[in-house]
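# Tertiary structure, described
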Amino acid sequence: MAEVTKEQVIEFIENMSVLELAELVKELEDKFGVSAAAPVAVAAVPAAGGEAAAAEEKDEFDVVLTSAGDKKINVIKVVRAITGLGLKEAKEMVDGAPSTVKEAVSKDEAEDIKKQLEEAGASVELK
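Residues numbered from 1 in each chain as written. Predicted model: local features only at pLDDT ≥ 70, side-chain atom pairs only at ≥ 80, totals over all residues. Heavy atoms only, no water.

For helix 5 (residues 72-83), built from 12 residues, the straight-helix expectation of 16 Å at 1.5 Å per residue is met to within 8% by its first-to-last C-alpha distance of 16 Å. Those residues of helix 5 that fall on the buried side of the exposure criterion are V75, I76, V78, V79 and I82. Mapping the buried residues of helix 5 onto a view down its axis gives an arc of 165°, with all of them on the same face. Facing away from the buried side of helix 5, by more than 90 degrees, are the exposed residues I73, K77 and A81. The elements touched by buried residues of helix 5 are strand 1 (61-67), helix 6 (87-95), strand 2 (99-105) and helix 7 (107-119). Following helix 5 by one or two positions, G84 adopts a phi angle in the positive range, close to 80°. (Helix = DSSP H or I, 4+ residues; strand = E, 2+ residues; numbered from the N terminus. Expected span 1.5 Å × (residues − 1). Buried < 20%, exposed > 50% of the residue type's maximum accessible area, 1.4 Å probe, protein only. Arc of directions from axis to C-beta. Contact = heavy atoms within 4.5 Å.)

Structure below.
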């Protein structure tokens, strides 16, 4: 079995959504019979210098379509308008949800895209 480095674990955690991270913490608490209350306080000190600062300064976001919802045709139209994809490619993206609609966009643009997709009936997540 290949050995996993601390850097790989940190990189994996950085790419998780808040919901996924909360579920991971709960599973670790259940598995090891511990509470995250004390470790969070200890982990917050090193994180404040590195990862927390990086998270606060995050200026690029990925817009991920998690579900097309009930109005799939409207979502496909919005995806086409946002990405410039053809009908077939946009339909494949919507059918293949969860899928990344746009990568490395500004916070304002990501919020705008999220709003457009949610108005069309889709579920969207920003990472």
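To continue, consider the sheet that holds strand 2. What the 3 strands build is an open sheet, ordered 2-1-3; its pairing is antiparallel. Across the chains shown, the open sheet's two edge strands, defined by having one partner strand only, are strand 2 and strand 3 (123-126). Across the sheet, the mean angle from the axis of one strand to that of its neighbour is 20°, orientation sign disregarded. Bridge analysis of strand 1 against strand 2 gives 4 bridges, and the strand direction is antiparallel. Bridge pairing in strand 2 places V63 opposite K102. (Pairing = 2+ DSSP bridges. Axes fitted to C-alpha atoms, helices over the stretch in contact; angles between N-to-C directions.)

Together, D108, E109, E111, D112, E118 and E119 give the surface a local cluster of negative charge. On the secondary structure map, E111 appears in helix 7. Using a relative accessible area of 37% as the deciding quantity, one classes E111 as partly exposed. (Patch = residues over 30% accessible without salt bridge, like charges linked within 9 Å, V, L, I, M, F, W, Y side chains within 5 Å. Areas by Shrake-Rupley, 256 points an atom, 1.4 Å probe, with all protein chains shown as cover. Salt bridge = Lys/Arg side-chain N within 4 Å of Asp/Glu carboxyl O. Lys, Arg positive; Asp, Glu negative; His and termini not counted. Charge placed at Lys NZ, Arg CZ, Asp CG, Glu CD.)

V63, V75, V79, V94 and L117 are the most contacted members of the largest nonpolar core, which has 20 residues in total. Of all the elements in the fold, those that place two or more residues in this core are strand 1, helix 5, helix 6, strand 2 and helix 7. Among the elements that take part in this core, helix 5 stands out by supplying 5 residues, more than any other. Apart from the residues within four sequence positions on either side, L117 is in contact with V63, V75, V78, V79, I82, V101, A122 and V124. (Core = buried A, V, L, I, M, F, W, Y, C linked by side-chain atoms within 4.5 Å.)

Bridge analysis of strand 1 against strand 3 gives 4 bridges, and the strand direction is antiparallel. If you follow V64 over to strand 3, its bridge partner there is E125.

Functional significance is not addressed by these values, which are geometric in nature.
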